[in-house]
Amino acid sequence: MPILSRLALIAGLAFSTPVAAQISVPLQIEFSGAYLAGRQAAAMGDHREAARYFLEVLQADPGNYALRGAAMQALAALGDWDRASELAAGHPTEIGGREFADLILQVDRIRRGDLAAAAAAAAEDRGAGPLVDPMMQGWLFLGEGDMRRATATFEAIINSNSPVAGLVPYQLALARASVGDFEGANAIFAGEVFGPLQISTRGLQAHAQILVQLDRQADALALLDAALDQNGDQGLRELRDDIAANPTRPYDFITTPQQGMAEVLFSLARALGTEAGTTLPLIYARAAYAIDPGHIHAQLLAADILSEADQLAMAEETYRQIPRDNPLFVDAELGRSEALFQMGRTDAAVEVLNALVRDYPLISAVHTALGDVQRRLENYEEAVAAYTDALALVDQTRERSWFLFYVRGISNDSLDNWTAAEADFRQALELRPDQPQVLNYLGYSLVEQRRNLDEALDMIERAVAGRPESGYIVDSLGWVLYRLDRFDEAVAPMERAVELEPNDPVINDHLGDVYWMVGRTREAEFQWSRALSFEPEPAEAERIRRKLELGLDAVLAEEAESVQQ
């Protein structure tokens, strides 16, 4: 099992299946409906509905501790720490599920600033769990003014076999910076003490601020410029502008033990990922934000997790809570627009993006997002305009600009403006010559136009080399061989394409055509029938029926005669 996949298990709080879906408790018959509805909501990740139903049952049966634990989980996932803490406080120590109650209560102590009580709870193994407590302990020692014990605690984890050991140098660097040891913090960030650290946006922000405190403004700007060269993060951009304008800018990234402990929970939420379920990382992200309401990255992460869990209404609501004056507002609005789109509220999604374009006209990612939505809505003229605006804001000679040319090319092609589309695709290949998607799209288009077939074959062969498991790209290889009348050679890639994408009507249709040309007529008819069962476009469906009725040779003859006329 991968190390990070084991984190939830080591936490002692793992529940890839929500607690509510695991419990089975005797209930009065009149409450069974609410209980079952709560279980279903919890299993689907709908924490709001799960909390509502479980709390309804608990009102009638307050001594049902299994349900209490399920309700605590749902409330914590919602970020409702007041009610979650109230339930946790009444959870007996001898009842199962106490570990989760301890986590809730520990978060509550820390967010209220009662670090002495938090330290006492951790000493009695009633803290936030075995995964979290060691890192929390370092910050708790710092809260007591004991940097020596804090350092020893962090270093002990780093030198252990703990699966979180790789996360801890970052915590120690932040702890040193919080007490003014910027030299020590920089040595860790620079990789001089524990080796290179994993790069993250927050780590870059912290390191840049630390360099400023060491009178190394130029190095801080160079660090941020290198990062911005790879991505357009608005938070990094605003920090860069701030440092450029104010070379004596004070350090304010992490200055208190509470903020440090919030960063522990945030780092764990990110490290956990969602492979083993979304509930635990969501709760850690919510806890980080509860402890440090200024930790907007934690709020954004919670929204992203909810979106990934397909809890789009809660995701949209969480994105909407991110304040307009925060650099992450743009990211939040982009996420909110996508959530609205996925909910079918496409007009609202476009409205959000149009507002961003109006308020942040110099951010290329905003125009790109608008272009993407308009393309998905098949508003191709608007998509081309948005992508053109995005391209005007970027260095069009940089490799990463290939994608904008590629999607604008798709939109131009959809407008039947092939001249502009081909120019865009070829420009994308100038920037990234072996990009499989572009090679396949342009190569396949040339095949369909029966132009430059040798060039098209070369492009598609390179695309297959880069993406051998893509059924659509392998289909293109078979199809260009078909167009070149190399029918025997086309059989193997077409069969492989159907293996990779067995339910695609076009690929099954193509395999039928190839089979027909090599004399395997029964198999051809079978593939055409399969293609029809997958509901192709009406025009394609009619053509397949004609092939089943007359055979491919007759259909091709009809089409050739039609062209001549």
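None of the values given here were measured: they were computed from a predicted structure. (Residues numbered from 1 in each chain as written. Predicted model: local features only at pLDDT ≥ 70, side-chain atom pairs only at ≥ 80, totals over all residues. Heavy atoms only, no water.)

**Remarks on the nonpolar core**
Residues V132, W139, L174, L268 and Y284 are the most contacted members of the largest nonpolar core, which totals 98 residues. Setting aside its immediate chain neighbours within four residues, W139 contacts F154, Q171, L174, A175, S178, I254, T256, P257, G260, M261 and V264. By size, the runner-up hydrophobic cluster in this structure holds 51 residues, among which are F405, V447, Y482 and A524. (Core = buried A, V, L, I, M, F, W, Y, C linked by side-chain atoms within 4.5 Å. Buried < 20%, exposed > 50% of the residue type's maximum accessible area, 1.4 Å probe, protein only. Contact = heavy atoms within 4.5 Å.)

**Remarks on the side chain of R68**
Within the secondary structure layout, R68 lies in helix 5 (residues 65-78). Nearest to the buried, unbridged R68 among oppositely charged side chains is E86, at 7.6 Å. Apart from residues no more than four positions distant in its own chain, R68 is found in contact with L58, P62, L87, G90 and H91. (Helix = DSSP H or I, 4+ residues; strand = E, 2+ residues; numbered from the N terminus. Lys, Arg positive; Asp, Glu negative; His and termini not counted. Salt bridge = Lys/Arg side-chain N within 4 Å of Asp/Glu carboxyl O.)

**Quick look at the pattern of salt bridges**
The final tally for this structure, using the stated rule, is 41 salt bridges. For E124, the salt bridge goes to R126, with nearest N and O atoms at 2.6 Å. The exposure class assigned to R126 is partly exposed, which follows from its relative accessible area of 28%. Residue E523 pairs with R520 through a salt bridge whose shortest N-O separation is 2.8 Å. In this structure R520 comes out as partly exposed when scored by relative accessible area, which is 28%. What you see here is one network of salt bridges that share partners, running through D82, D108, R111 and R112.

**What about helix 25 (residues 418-431)?**
The end-to-end C-alpha distance of helix 25, which contains 14 residues, comes to 20 Å, matching closely the 20 Å that a straight helix rising 1.5 Å per residue would cover. When we look at burial in helix 25, the residues that qualify are W418, A421, E422, D424, F425, A428, L429 and L431. Those residues of helix 25 hidden inside the fold are in contact with helix 24 (402-414), helix 26 (436-449) and helix 27 (453-466). (Expected span 1.5 Å × (residues − 1).)

**Re the packing of aromatic side chains**
Counted under the stated rule, the structure contains 14 aromatic pairs. A ring pair is formed by F425 and Y441, whose centres lie 4.7 Å apart and whose planes are at 40°; its orientation type is tilted. Of this pair, F425 sits in helix 25 while Y441 sits in helix 26, and the two are 16 residues apart along the sequence. The class for Y441 is partly exposed, based on a relative accessible area of 21%. One aromatic cluster is present, formed by W402, F403, Y406, W418, F425 and Y441 through successive ring pairs. The cationic tip of R52 hangs over the ring face of Y53; the distance from NZ or CZ to the ring centre is 4.4 Å. The ring of F266 is capped by R202, whose NZ or CZ atom sits 5.7 Å from the centre of that ring. (Phe/Tyr/Trp six-rings, centres within 6.5 Å; stacked < 30°, edge-to-face > 60°. Lys NZ or Arg CZ within 6 Å of the ring centre and 35° of its normal.)

**Let's talk about the packing of helix 9 (residues 133-143) against helix 16 (residues 257-272)**
Relative orientation of the contacting elements helix 9 and helix 16 amounts to 170°, with a least axis distance of 9 Å. Classed by the angle they form, the pair helix 9 and helix 16 counts as roughly antiparallel. In contact with M135, M136, W139, L140, L142 and G143 of helix 9, helix 16 contributes P257, G260, M261, V264, L265 and L268. In terms of residue class, the contact of helix 9 with helix 16 is built from 10 nonpolar, 2 polar and no charged. (Axes fitted to C-alpha atoms, helices over the stretch in contact; angles between N-to-C directions. Parallel < 35°, antiparallel > 145°, perpendicular 65-115°, else oblique. Nonpolar A, V, L, I, M, F, W, Y, C, P; charged D, E, K, R; others polar.)

**What about helix 16?**
Count 3.6 residues to each turn of an α-helix, and residues three or four apart come out pointing the same way. For helix 16, built from 16 residues, the straight-helix expectation of 22 Å at 1.5 Å per residue is met to within 8% by its first-to-last C-alpha distance of 23 Å. Here helix 16 lies mainly inside the structure; 14 of its 16 residues are buried. Positive backbone phi, approximately 65°, marks G273, located one or two places after helix 16.

**Points about the side chain of S267**
With respect to the helices and strands, S267 occurs in helix 16. Classification of S267 by relative accessible area gives buried; the value is 13%. Dropping the residues within four chain positions of it, S267 is found in contact with L167, Y170 and Q171.

Such coordinate-based values are descriptive only and should not be taken to indicate function.
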